[in-house]
Each structure stands twice: as C-alpha cells, then as structure tokens.
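Chain by chain, the residues:
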Amino acid sequence: MDDIDKEAAATSVENNDEVGHFLQADEIKNPLTSEHGREKWGNNVEFLFSCIALSVGLGNVWRFPFIALENGGGAFVIPYIIVLLLIGRPIYYLEIIIGQFSSRGCIRAFDMVPAMRGVAYGQVFATTMGTTYYACIMALTLKYLFSSFATKLPWTYCRPEWSSFCFSASENATVGNNQTKRFSSAELFFSKEVLRETDSLEDGLGAPSWDLVFCLFVAWLIIDIILCKGIRSSGKASYFLALFPYAVMFVLLARALTLPGSWNGIVFFLKPQWKELLNPKVWYNAITQMFFSLAICFGTLIMYASFNDFRKNVHRDVMIITSIDSLTSLLSGCIIFGILGNLAYESQTTDIGSVVKGGAGLAFISYPEAIAKFKYLPQLFAVLFFFMLLVLGVGSNVGMVSCVMTVIKDRFPNIPHWKVAAILSMLGFLCGIIYVTPAGQYILNLVDFFGCSFIALVLAIAELISFAWIYGTKRLCEDIEFMLGIKTGYYWRICWTFVTPGLMMGVLLYSLINYTPLTYKGETYPMIYYALGWLLWAVGVGQVPIWFLYEYRKQHGDNFRTVTIQKCLTTIFQMGTIEQETT
C-alpha cells in the first residue's frame, strides 16, 4: 500500500480505536476502495432486487403453505410473525452487516472469529444440499410449464383408470360412488403421472423419470447461463426475477377469492388457534421456515452483501426486504388456503386440513386446481403461473449457487466464472437425478430436514454466539457506527445477545428431547435412510468442532494452551494468598 493509502488507513483507525477489529490496517483499503479485483453490484437497486429475488422464492410460495397446513393453518401464522420480529429480522440485519463490513464471502467473513469458521463451512454444506433439491422443484415446474401448452390441461380431467376415486378439477364433477374416498384429478396427475410416486421405500428408489431428467437439465442450464458472467449478470436478471411473480400472484388471488368456499379456507389460515402457541413443534417449524423464507443462516446473504459499497445504508433495505418477504408468504398462504377451501366445498367436507396431502406437492396440486377453474384461457394462465414459479425458483437457486461459487472464487480467484458455474451446474444436475426417481420425494423430505433445516437451526445458534458473544455485540455496534454512521438500537443489541439465541436454543433442546422419527405422508423410512440422514446432519454440524481443532493446532507456540494454564495457575495462587491473609 502506498503512503497515501497508509495515511488514510491510519486516520480511519485513529477516528475509531475499536473499528475493524478483524481487519488489518493494510486491509482497510479493500472495503473502502473496492479494489483488489472484487466485483460490485452495478447499483444499489440491484442488491435490493437480488435479495428480494433470493428471499421471496420457493420458500414462500412452495414451502410456506404446506408447512402452515401441517401446523394447523392459523396456529402457524402468529408464531411465524413473532419469529420474524425476534429471530428473522435480527439475523438478516446481522448477516448483511457482516458481509458488507468484511467485503468477503461467508467463509472469509469468519476471519473475525477464526476458531468458529466451521459454522460457515457447515452453512455452505447446507446450502449445497438445498441447491440440489431446489433444482428438482424447478424441474417439476418446467414439466408443468411444458404441459400447459396442451389443448386441454392434463390435470383437469380424470383418467379412465381413476374413475372410481377421482373428481374433475375443472368441472367439479365427481365420478364413482359416495362411499369411496375421492381425489382431485390435479392431485392424481401429480402423484401418478408426474412423479410416478411409489408407496414406500421398501422397493428402492426406482428408475428416474426421463422427462423429469430432461427438465432438470434445462433447469441447471438456465442457472449456468445466468451465473456464467458473475454477480453483475445475476444482478441484471434480478429486476425481472423480483417483480414478475407478483403480477401473476395477484391474478391468482383474485381468482381464488371468487371460488365457492374459498373464504372458509382463508379464515382457517388466518384464524389464530391460541392453544397451539404452547406447542414447541409449531415454534420449531416457524423458525426453520423463517430460515428458508429469508434465506438466513445459509451464507448467501453474507455473500450478497459482500458486493456492496462499504458505506451503503443497508438498514433501510433490511426493513423493506423482510417486510416484503413475510407479506408474500401471507399472500401465497391466502391463495393456497382459498383454493383448499374450495376443494373442501367440492369434496363436501368441512375438514380443510385434510383435503389434500401435505408435503412438497401442495403447490403443484392446489395452484393447478385454481387454474383449472378459469373459464377463459386457462392455458395462458397456466403458462404464466408456472413461468412465475420457475422465475421464483431461479431467483432462489441463483443465490444459493452463487454462495458456493463465491467460496471457491475467494479461494481460487484466477478460475474463470464460467468454469466454476459450469462445473457446479454439472455436479448439481448429476446429484439431482435421485430426486426425479419414483421415491424422489422421500429423499427430498429427508434432505430437507436433516441436510438443511436441522443443520441451519444448530449453526444459527453457533453463528450468533460467534458474532454476539465471542466477537462481541459492543465491537459489532462500533463497526456499524463506523461503516454507516448510525448507532445500533437496543432492539438489535438485545435480540443478538439474548433473545434470538435463547429462543432458538430452547426450541432446539425441546426438539431433541421430543424427537420422533421423520415420516413422509405418514410412512416411516427404513433404518438405513435414517442413518444417512443423521450422517448428513453430522457432516454439516461437525464442521464446527473440526475447524475449531484445526485453528487450535495452527496456533504457533501453543499460545492458547499456555495462556489457559497461566490463567489457571494465577487464579489458584491468588486464592491461596487470600486464604493465608484471612488466616
């Protein structure tokens, strides 16, 4: 660094003695001047829209409705909003601050607490697992998108072999006697035509559906094209990825509200069931859903914020993004439960929660049901909806793959973007084939729980301990004041230090004490799959002790051990001296 840069760095440190606690003097140039070759967003709006495209995605439209359905509708909404205020928003702001201040990816951002670097590696592992099955959801979306160009939408009518237990989604007509349990043609199309789903894992995974394999290839090809030129290309795409879905969602909401019985479903969704607030399982699901809705604790937000200008006021952006994200979840919930209310009306039942089976397929059953009831141009609305769902999936997956790419680029900066994107896309495609087998949804459910949700909860606690307790909330707030010129309020300080980690620790302990084996559609897994699930969890969470020991062994001269022994001996000596003086 030349003399001018050194003088500027010295002046910055003099103005705030505690600033940049994990930045060396010769590194202050990096975040302030954006040199050393690190990319930046084209403008501030690109960052905002990219975060919206990342957070407002399949986690809101696909995952939120079926999690809400499994937790009693209105019983889930209140905990979800509370969790947003006490966990989601504080962690979101914290990760954005860390990424922008360090101007590094999630791995190198932990230079502030090197012993806890394993938290970041575990988050990258969970992100990688999530990327594989998110691409599978994109493949299902492409399958429906291609099917939407048919003269008659294939999920709107019953096949002859279903005649005894099927009712048409488009005509609301029932076929068969009233003693037989009936299913919507949309549900049967998804399970029997698209997934060709098996009833259990006892017979193995089965051969992949080659039409879904092709769709999976197209999905990864789209991701590769967007990422081949780095963060600037994905930033330009974010304008469309963030805005287009809302146009289609409001059209579907308008249609859902006009369906008979839809208001019963929406009331079921929004009406609080206060007794469920004492159910820790609901709180656990609200917390893990918040991770997916906001994309927190997966390393992606730190990565996105690392491309910001050092002085950018991200406080305003955080408030906008988290509010939009939660409102989108509620919007998609109203659409889904409005349609479920209509399905209950057509099925002549009052139990809205049992109209369709839960799980990942809910969005591929209920949304097509609504489209089937459009009297005019249903094909057009089907194309628009599934294109919107594809856009949401692309927005989420681009961010997740970018996180993994940034880790690789930070370590090997000379590798071209397109090569990293191509290799990751190819590996993601090969790993994703397992999800398009007849038992693929069983595997997706397994990976979602053990490889993502459960890992994210544990590592979120470790992340807060690293930033708020080891690095220190006081230091962090001083860094924020240096960077943004604003003082951090007590709301953020208290949440980071006590409330957020305390709530997550309580829910984690309860879930471990009351753990029950994971099921899919009421079916348990063979023991070998539970073992594989716990192995995935161990690989993700195990990064914390592994990297702690690695950093400990790197210390020259056994500093940590020597200092610890010295402190213990000093304490013992002082206690002995006090005892003698007392005698």
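Computed from a predicted structure; not experimentally measured.

Visitor: I'd like a rundown of the overall build of the protein chain, residues and numbers included.
Guide: From N to C terminus, the protein chain includes 21 helices and 4 strands. Scored against the burial criterion, the 583 residues of the protein chain give a buried share of 57%. Counted over contacts in the protein chain with a minimum sequence separation of 6, partners at least 24 positions apart contribute 82%. In the structure as shown, the protein chain presents an accessible area of about 24,700 Å², 64% of it carried by carbon and sulfur atoms.

Visitor: Can you lay out the packing of helix H6 (residues 117-147) against helix H15 (residues 378-411) for me, pointing to particular residues and giving the numbers?
Guide: At a closest axis distance of 9 Å, the pairing of H6 and H15 adopts a crossing angle of 160°. Considered as vectors, H6 and H15 are oriented roughly antiparallel to each other. The handedness of the crossing between H6 and H15 comes out as left-handed.

Visitor: How would you summarise unusual backbone geometry if you had to cite specific residues and measurements?
Guide: Leave glycine aside and you will find that most residues have negative phi; peptide bonds, for their part, are mostly trans. One non-glycine residue, Arg 196, adopts positive backbone phi at about 50°. You can see Arg 196 is positioned in the loop between helix H7 (185-194) and helix H8 (210-227). You can call Arg 196 partly exposed: its relative accessible area is 43%.

Visitor: Account for the pattern of salt bridges, with residues named and values stated.
Guide: Enumeration according to the criterion identifies 10 salt bridges in this entry. With its nearest N and O atoms 2.8 Å apart, the salt bridge here joins Glu 478 to Lys 474. Linking Glu 478 with Lys 474, this pair stays in helix H17 (residues 440-484), spanning 4 residues, or about one helical turn. According to the relative accessible area criterion, Lys 474 is exposed, its value standing at 57%.

Visitor: How would you sum up the nonpolar core? Please name residues and give values.
Guide: Counting 192 residues, the largest nonpolar core has Phe 291 and Met 504 as its most contacted members. Leave out the neighbours within four places in its chain, and Met 504 touches Ile 87, Ile 91, Ile 287, Phe 291, Leu 457, Ala 460, Ile 461 and Leu 464.

Visitor: Tell me about the packing of aromatic side chains, and please be specific about residues and values.
Guide: Scanning the entire structure with this criterion turns up 41 aromatic pairs. Residues Tyr 133 and Tyr 134 carry aromatic rings whose centres are separated by 5.5 Å and whose planes lie at 55° to one another, so their mutual orientation is tilted. Both residues of the pair, Tyr 133 and Tyr 134, belong to the buried class. Here the aromatic residues Tyr 144, Trp 155, Phe 189, Phe 190, Phe 364, Phe 385 and Phe 386 are joined through ring pairs into a cluster of three or more. Stacked on the ring of Phe 482, the Lys or Arg Arg 311 has its end atom at 4.9 Å from the ring centre. Between the NZ or CZ atom of Arg 411 and the centre of the ring of Phe 412, over which it lies, the distance is 4.9 Å.

Visitor: Summarise the confidence of the model for the protein chain; cite the residues concerned and give the values.
Guide: Overall, the predicted model of the protein chain reaches an average pLDDT of 82, with 84% of residues at or above 70. Mean pLDDT per element in the protein chain: helix H2 (residues 29-33) is the minimum at 38, and helix H19 (residues 527-541) is the maximum at 96. For residues 1-36, every residue scores under 50 in pLDDT, and the model assigns this stretch 51 contacts once sequence neighbours within four places are set aside. The model gives residues 173-178 a pLDDT under 50, and that stretch makes 11 contacts with residues more than four places away or in other chains.

Visitor: Describe the state of the cysteines, with residues and values.
Guide: By the definition in use, this model includes 1 disulfide. Cys 158 shares a disulfide with Cys 166; S-S distance 1.9 Å. Between Cys 158 and Cys 166, the S-S dihedral sits near -80°, and the bridge is therefore left-handed.

Visitor: Quick rundown of helix H20 (residues 543-554)? Include the residues and the values.
Guide: Count 3.6 residues to each turn of an α-helix, and residues three or four apart come out pointing the same way. The end-to-end C-alpha distance of H20 is 16 Å, a good match for the 16 Å that 12 residues give at a rise of 1.5 Å each. Turning to H20, its buried residues are Gln 543, Val 544, Trp 547 and Glu 551. Down the axis, H20 shows its buried residues gathered within 95° of arc, on one side only. In H20, the exposed residues that point more than 90 degrees away from the buried face are Ile 546, Leu 549 and Arg 553.

Visitor: Can you break down the environment of Cys 297 residue by residue, with the values?
Guide: Along the chain, Cys 297 falls in the loop between helix H11 (280-294) and helix H12 (300-305). Taking the C-alpha atoms as reference points, Cys 297 and Val 124, 173 residues apart in sequence, are found 9.4 Å from one another. In contact with Cys 297, other than residues within four places in its own chain, are Ile 91, Glu 95, Gln 123, Phe 291, Ala 456, Ala 460 and Glu 463.

Visitor: Report on a nonpolar patch on the surface, specifying residues and quantitative values.
Guide: On the surface, Ile 465, Trp 469, Ile 470, Tyr 490, Ile 494 and Phe 498 cluster together into a nonpolar patch covering about 680 Å² of accessible area. With respect to the helices, strands and loops of the structure, Trp 469 is situated in helix H17.

Visitor: Tell me about helix H18 (residues 490-513), residues and numbers included.
Guide: With 24 residues, H18 extends 33 Å between its outermost C-alpha atoms, agreeing within 8% with the 34 Å of an ideal straight helix rising 1.5 Å per residue. At Trp 496, H18 shows its largest bend, some 55°. When we look at burial in H18, the residues that qualify are Trp 492, Cys 495, Trp 496, Thr 497, Thr 500, Pro 501, Met 504, Val 507, Leu 508 and Ser 511. Contact partners of the buried residues in H18: helix H5 (74-102), H11, helix H13 (314-346) and H17.

What counts, and at which threshold
- Residues numbered from 1 in each chain as written.
- Predicted model: local features only at pLDDT ≥ 70, side-chain atom pairs only at ≥ 80, totals over all residues.
- Heavy atoms only, no water.
- Helix = DSSP H or I, 4+ residues; strand = E, 2+ residues; numbered from the N terminus.
- Buried < 20%, exposed > 50% of the residue type's maximum accessible area, 1.4 Å probe, protein only.
- Contact = heavy atoms within 4.5 Å.
- Areas by Shrake-Rupley, 256 points an atom, 1.4 Å probe, with all protein chains shown as cover.
- Axes fitted to C-alpha atoms, helices over the stretch in contact; angles between N-to-C directions.
- Parallel < 35°, antiparallel > 145°, perpendicular 65-115°, else oblique.
- Left-handed = near helix turned anticlockwise from the far one by under 90°.
- Salt bridge = Lys/Arg side-chain N within 4 Å of Asp/Glu carboxyl O.
- Core = buried A, V, L, I, M, F, W, Y, C linked by side-chain atoms within 4.5 Å.
- Phe/Tyr/Trp six-rings, centres within 6.5 Å; stacked < 30°, edge-to-face > 60°.
- Lys NZ or Arg CZ within 6 Å of the ring centre and 35° of its normal.
- pLDDT = per-residue confidence, 0-100.
- Disulfide = S-S within 2.5 Å.
- Expected span 1.5 Å × (residues − 1).
- Arc of directions from axis to C-beta.
- Patch = residues over 30% accessible without salt bridge, like charges linked within 9 Å, V, L, I, M, F, W, Y side chains within 5 Å.
- Bend = angle between axes of the 7 residues up to and from the residue.

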